[in-house]
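Spelled out from the first residue to the last, the chains are:
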Amino acid sequence: MTDAGGTTQRPRLGARLWAWLPDRIDRRVVAAAWATLVVQIGIVGTGGLVRLTASGLGCPTWPQCTDGSFVPTPELAAHGAIEFANRMLTFVLVAVAILMFLFVVRFRSERRDLFWLALSIGLYVPLQAIIGGITVLTNLNPYVVGLHFFASVVLVALATVLVYRVYTAPGARTSAVPRWYAAVTHLTSAAVLVTVLVGILVTGAGPHAGDAGAARNGLDPELMQHLHAWPGYVTFGLTVVLLVGALRVAPALRLWVGLLLAVELVQIAVGLLQARTGLPIVLVNIHMVLAVCLVAAMTAVVLHLKAPVPAGRAVLDPDIPDLDRASVASGRRTANP
């Protein structure tokens, strides 16, 4: 750019930054979407370590770590350092969320779905941090702690949708499976939700409260473990049905249902092992991380129930036989030359 005198002017920083941002989905957008999912799953693992090492009140207040200090004092020892480190990881989530938003803002008019997903996740992260602060201010009330975990479940589901959308084209979508298959999938999703919710109650009744003085929810831990297993086994049985169905009528879902089943098998194995070995910290933390991985895998299966409609093709019911589908398409072409 040159001025009236012929001297060269460099573009302003804002203009250069805007020009650097992606104007379409590229490797940076894909990487940011995957980073969003990874950090949302990862924070569940680090948060679990805080609870399992009894460091939930390592910083006894919020937003400060202790009265008069935002950082842990030597008196707080290792518990304070663990809780403070987990709080600092929130800024990693914020940084990734901001980056994801910036990477889609330039082509937001073409991909409103990515824009709103990135914005929703970006706004949800500070809300999650506030819920985490409330858990401290309520001395680790088990129901507030459970809400804190469930907020991460929602974030992981949103991040999974974000990753899926990055790889798919916008526009009309049509069912890729028969109606009965979609119904079984949604029933499986409900079973997963019940399994996660009951698991939260089990944790609130168990020994890992996050602090020696934290209250429990008063439920019978042994009974809750059995109640937690039932929806888990229902989920597993329904997933087997989905896998058999995918092999016959839904080839596009074989990979995703297989992944879902694999996560369930590992989760069941870890759950049984931890129950029989006195709930060791390592296994409980793996079990927590696998819970959100289960949600991510289930979300991926649901998302693949529909597929983009190829340009120029009508949206047809997958339950219509092939000959009828051809006649329907032909009739629509006749009616809409």
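Right above here is the structure, for reference.
Residues numbered from 1 in each chain as written. Predicted model: local features only at pLDDT ≥ 70, side-chain atom pairs only at ≥ 80, totals over all residues. Heavy atoms only, no water.

The contact between helix H8 (residues 254-276) and helix H9 (residues 281-303) brings their axes to 9 Å, and the two run at 160°. On the basis of their axis angle, the class for H8 and H9 is roughly antiparallel. Once H8 is placed against H9, the crossing between them reads as left-handed. Facing H8, whose interface residues are Trp256, Val257, Leu260, Val263, Glu264, Val266, Gln267, Val270, Gly271, Leu273 and Gln274, H9 presents Leu283, Val284, Ile286, His287, Leu290, Ala291, Cys293, Leu294, Ala297, Met298, Ala300 and Val301. Each residue belonging to the contact of H8 with H9 can be placed in one class, and the counts come to 18 nonpolar, 4 polar and 1 charged. (Axes fitted to C-alpha atoms, helices over the stretch in contact; angles between N-to-C directions. Helix = DSSP H or I, 4+ residues; strand = E, 2+ residues; numbered from the N terminus. Parallel < 35°, antiparallel > 145°, perpendicular 65-115°, else oblique. Left-handed = near helix turned anticlockwise from the far one by under 90°. Contact = heavy atoms within 4.5 Å. Nonpolar A, V, L, I, M, F, W, Y, C, P; charged D, E, K, R; others polar.)

Below, the discussion takes up the state of the cysteines. Enumeration according to the criterion identifies 1 disulfide in this entry. Covalent S-S linkage joins Cys59 and Cys65, the inter-sulfur distance amounting to 2.1 Å. Disulfide Cys59-Cys65: torsion about the S-S bond near -75°, hence left-handed. Across the pair, exposure class does not vary: Cys59 and Cys65 are buried alike. (Disulfide = S-S within 2.5 Å. Buried < 20%, exposed > 50% of the residue type's maximum accessible area, 1.4 Å probe, protein only.)

With that settled, consider the pattern of salt bridges. Following the criterion strictly, the structure yields 5 salt bridges and no others. Between Arg24 and Asp23 there is a salt bridge, and its shortest N-O distance comes to 2.8 Å. Note on Arg24: relative accessible area 56%, which makes it exposed. For Arg165, the salt bridge goes to Asp113, with nearest N and O atoms at 3.8 Å. Pair noted here: Arg165 is in helix H5 (residues 142-167) and Asp113 is in helix H4 (residues 112-137), with a separation of 52 residues, a long-range link. Accessibility expressed as a relative area gives 24% for Arg165, which makes it partly exposed. Members of the salt-bridge network, linked through shared partners, are Arg111, Asp113 and Arg165. (Salt bridge = Lys/Arg side-chain N within 4 Å of Asp/Glu carboxyl O.)

Quick look at the environment of Leu76 now. Mapped onto the elements of the fold, Leu76 is located in the loop between helix H2 (27-52) and helix H3 (77-105). Every residue in contact with Leu76, bar those within four places of it in the chain, is listed here: Gly58, Pro60, Cys65 and Thr66.

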